[in-house]
Amino acid sequence: MNIQCPIVAKTFTCKYDAKEDRLLLTLNYEIPSERIDFWITRSFLLKLIPVFFDFTQNDNNAIDTPTHPTQTADKPTDSALYLLTQQEPILLESIDFSKKEHITVMVFKNNEKAIYCEAQLDDSMMKRVVTLILNSAPKYEWGEYAVI
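Procedures and definitions
- Residues numbered from 1 in each chain as written.
- Predicted model: local features only at pLDDT ≥ 70, side-chain atom pairs only at ≥ 80, totals over all residues.
- Heavy atoms only, no water.
- Axes fitted to C-alpha atoms, helices over the stretch in contact; angles between N-to-C directions.
- Helix = DSSP H or I, 4+ residues; strand = E, 2+ residues; numbered from the N terminus.
- Parallel < 35°, antiparallel > 145°, perpendicular 65-115°, else oblique.
- Left-handed = near helix turned anticlockwise from the far one by under 90°.
- Contact = heavy atoms within 4.5 Å.
- Buried < 20%, exposed > 50% of the residue type's maximum accessible area, 1.4 Å probe, protein only.
- Polar contact = N/O pair within 3.5 Å; in protein donor to acceptor, adjacent residues only side chain to side chain.
- Salt bridge = Lys/Arg side-chain N within 4 Å of Asp/Glu carboxyl O.

Caption draft 1: Focus on the packing of helix α1 (residues 42–56) against helix α3 (residues 123–136). Interaxial distance between α1 and α3 falls to 11 Å at its minimum, and their mutual angle equals 155 degrees. Between α1 and α3, the angle is such that the two are roughly antiparallel. Crossing of α1 against α3: the hand is left-handed. Taking contact as the criterion, the partners of L45, I49, F52, F55 and T56 in α1 are, on α3, M126, K127, V130, I133 and L134.

What follows is the structure in structure tokens.
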């Protein structure tokens, strides 16, 4: 995988892979040269949940977490294109978070392959990305249903 760093995340797709028992977070599936497929493990997601809540809660506004997964993107993922541009997934090792006014900056990292992808999200989009990721996880099987 030849990826120039840092990549800017423009689209987010997240699906649970039962065979791998991991989430597959895909960034930029429509742009093959900038597409990154990250594996998110159960243990890593559980560590992210408190950070997600810290970065998505406003004064009186909590994350919306419907009991049934929903499509939170502006447009649905084109399944044919998604499969056509698929990359070999790499492990998501860390995410750096920072906040400036109403913009959250997330930097998705795999240090082993020196891959960094940055997303700058307003409050609304940040909530949608977090909801997408959380709703993709098998809550009951992963023992996180009570947490989310």
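Caption draft 2: Main features of the side chain of T131. Following the sequence through the fold, T131 ends up in helix α3. Taking the relative accessible area as the measure of exposure, T131 reaches 7% and is therefore buried. One polar contact links the side chain of T131 to the main-chain carbonyl oxygen of K127, over a distance of 2.8 Å.

Caption draft 3: How the structure looks around the pattern of salt bridges. Here the structure, examined in full by the defined rule, presents five salt bridges. Here R22 makes a salt bridge to E20, at a shortest N to O gap of 3.7 Å. Under the relative-accessibility criterion, E20 is labelled partly exposed at 35%.

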